[in-house]
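Structural overview for review
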Amino acid sequence: MTPRELVEALYATFNKGDTEAWKALCADDLVWVTKGKLPYSGVFNGPDDVIANCFSAIAASYPGITVTAVEWWESGDSIWTTFEAKSEKGTFEGAHLSKVSGGKLTYFRAFDDTQQAAGLLG
């Protein structure tokens, strides 16, 4: 699986709510970074931490959320995507950086439009 195919699979498993399949695509030492002051902001270490403390906060804050990649840029094992996130509360956009090594996601950084995302929480 190419790095882009792996990232496409990550989005697909997230949107299905299949955390076990998502976790299988991640390295045990995954570092996941989401900046800002949102319920899901922080630095998370390992897929279990992401699922328990980031994904759970996303699901609680944005019921029915799906994240769709809009554009892709590839540079070696790094994949940039712009995305649109839709939930029952509305839509926000941003970009994601994913790094793949050894066929697993090793690093992720979200560049969400935090103002847009925070506006949906009110």
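In short, a report on the structure. (Residues numbered from 1 in each chain as written. Predicted model: local features only at pLDDT ≥ 70, side-chain atom pairs only at ≥ 80, totals over all residues. Heavy atoms only, no water.)

**Description of the pairing of strand β6 (residues 104-112)**
Where a strand is regular, its side chains alternate between the two sheet faces. Summarising the sheet, strand β1 (residues 26-34) and β6 pair through five bridges and their orientation is parallel. Across the sheet, residue W32 finds its bridge partner in β6, namely F108. Bridge analysis of strand β5 (residues 90-101) against β6 gives eight bridges, and the strand direction is antiparallel. Each bridged residue has a counterpart across the sheet, and for L97 the counterpart in β6 is R109. (Pairing = 2+ DSSP bridges. Helix = DSSP H or I, 4+ residues; strand = E, 2+ residues; numbered from the N terminus.)

**So, empty space enclosed by the protein**
It is the rolling of a water-molecule-sized probe over the atoms that shows where space remains empty. Per the stated rule, a full pass over the model turns up one cavity of 30 Å³ or more. Roughly 270 Å³ of volume is contained in the largest cavity. Forming the walls of the largest cavity are 22 residues, and the residues nearest its centre are F14, W32, V67, H96 and F108. Secondary-structure elements contributing two or more residues to the lining of the largest cavity are α1 (3-16), β1, α3 (47-61), β4 (78-87), β5 and β6. (1 Å grid on protein atoms, 1.4 Å probe; cavity = no way out; pocket = protein on both sides within 12 Å on 5 of 7 lines; lining within 4 Å. Points joined across faces, edges and corners; volume = space filled by probe spheres on them.)

**Considering the layout of surface pockets**
Within this model, the largest pocket holds a volume of roughly 170 Å³. Looking at the largest pocket, the residues that line it are F14, N15, G17, T19, I51, F55, S56, I58, A59, G64 and I65. Breaking the lining of the largest pocket down by element, the ones donating at least two residues are α1 and α3. Per-element tally for the lining of the largest pocket: the top contributor is α3, with five residues. Here the lining of the largest pocket is composed, by residue class, of six nonpolar, five polar and no charged. (Nonpolar A, V, L, I, M, F, W, Y, C, P; charged D, E, K, R; others polar.)

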